[in-house]
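Residue-level structure breakdown
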Amino acid sequence: MREILETFEQILEIMPDDRDTLEAAEQAAMQCGDGEKVLKYRLKLAEVVSAAGDQAAMAGLVERLRELDDPRAREWVTAHEGSDAAETAPAQPPVITPPKATAPDLSASAINDEIDLAWKLFEDNLISQQDYSTLVQDLTESSSRNEGDTVSVLHALEATHHKDLDQIIAKLSESSRLPYLSMGTFTIRPELLPLLDLSFVRRRGALVFEVLSQDLLVAILNPFSKQLRQDVETLTGRRCHFFLTKASEFDVAVNQLIENSL
């Protein structure tokens, strides 16, 4: 768990105000028993949420800061209670719905999302018009073959050894506000297997790679697919924190998942 915390800290060096990463770092610090870092990330998260004007989330954070027996947390709460925002009632805990028996079959929608991603890359001048045409053709053909492999823009770009792949991933992370995470430091443990069906993982490009408290950390390949994120949270019945990863690292993790399922 200490390695996981260090990974999130590296992400925060680049994206210090990213709420999902701050929450994940706070949870990892709790599981490591590092009270100083729990306080650090909880206070930083409170600053970010307060600046965003998210009163419901802010009320919940105030309660979590009250739980800490530390004068710095008490000082922050006292200062916050002096503002009008402090009058907001504490947020109610989310209702956890049970996972559905089967994943929604949205293959056509998933391919459309990938084509939309390819178009975005073209609009942002990250790929050429020829690259875009080739990507659309590859995505369409791969989808029609229905071989069970993950069909994604990142897979297609990596397969052709696109010269600007690292720049593309960095730009996707920046524009989507979704942190990039290398999957190389994570092992897909057997207890993660029931959280998402393998067919969904491979078809939609989403993989649960860690659990923090009751939340899930999920690696995805299309950072702009809102439907994908909604489906993952619906299927797992959990709050999820999403991270962008490389196609090759995603495939390695999926292979681990398959090996652990045997």
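Note: the structure precedes this text.
Here's what I pulled together on the structure shown here. Throughout, residues of each chain are indexed from 1 in the direction in which the sequence is written. Confidence filtering applies because this is a predicted model: local features only for residues at pLDDT of at least 70, side-chain atom pairs given and counted only at 80 or more, and all residues used for totals across whole chains, interfaces and linings. Computation of side-chain values: all heavy atoms of the structure, hydrogens and water removed.

Side note on the sheet that holds strand E3 (residues 240-244)
Put simply, the rule is: Strand pairing requires that DSSP identify at least two bridges connecting the strands. Only DSSP runs of H or I reaching four residues or more are called helices, and only runs of E reaching two or more are called strands; each is numbered from the N terminus. Angles shown run from 0 to 180 degrees and are taken between the N-to-C directions of axes, each axis being a line fitted to C-alpha atoms and, for helices, limited to the stretch in contact. When checking whether two residues touch, look at their non-hydrogen atoms; a contact exists if any pair is within 4.5 Å.
If you walk across this open sheet you meet the three strands as E1-E2-E3, and the pairing is mixed. Here the strands that pair on one side only, and so sit at the sheet edges, are strand E1 (206-212) and E3. Strand-to-strand twist of the sheet, defined as the mean angle between neighbouring strand axes without regard to direction, takes the value 25°. Examined bridge by bridge, strand E2 (residues 215-220) and E3 share five bridges and lie parallel to one another. Counted as the bridge partner of Leu216 is Cys240 from E3. Here helix H11 (residues 226-236) sits on the sheet in contact with E1, E2 and E3, set at roughly 140° to E3. Docked against the sheet, helix H12 (residues 247-261) engages E1 and E2, running at close to 75° with respect to E1.

Side note on the nonpolar core
As a reminder of what qualifies: Throughout this description, the term nonpolar core refers to a set of buried Ala, Val, Leu, Ile, Met, Phe, Trp, Tyr and Cys residues connected via side-chain atoms within 4.5 Å. Think of it in three bands: residues with accessible area under 20% of the maximum for their type are buried, residues over 50% are exposed, and the middle band is partly exposed, with areas taken using a 1.4 Å probe on protein chains only.
With 77 residues, the main nonpolar core has Phe8, Phe209, Val218 and Val232 as its most contacted residues. For this core, the element with the most residues is helix H3 (residues 35-52), which contributes eight residues. Once residues within four sequence positions are removed from consideration, Phe8 is found in contact with Thr21, Ala24, Ala25, Ala28, Leu212, Leu217 and Phe243.

Concerning the side chain of Arg204
Selection criterion: Under this definition, polar contacts are N or O atom pairs within 3.5 Å; protein pairs additionally need one hydrogen-donor-capable and one acceptor-capable atom, and for neighbouring residues in sequence, both atoms have to be side-chain atoms.
Turning to its location among the elements, Arg204 is positioned in helix H10 (residues 198-204). A relative accessible area of 8% means that Arg204 is categorised as buried. Within the local environment of Arg204, its side chain forms a polar contact with the side chain of Asp231, the two groups lying 2.9 Å apart.

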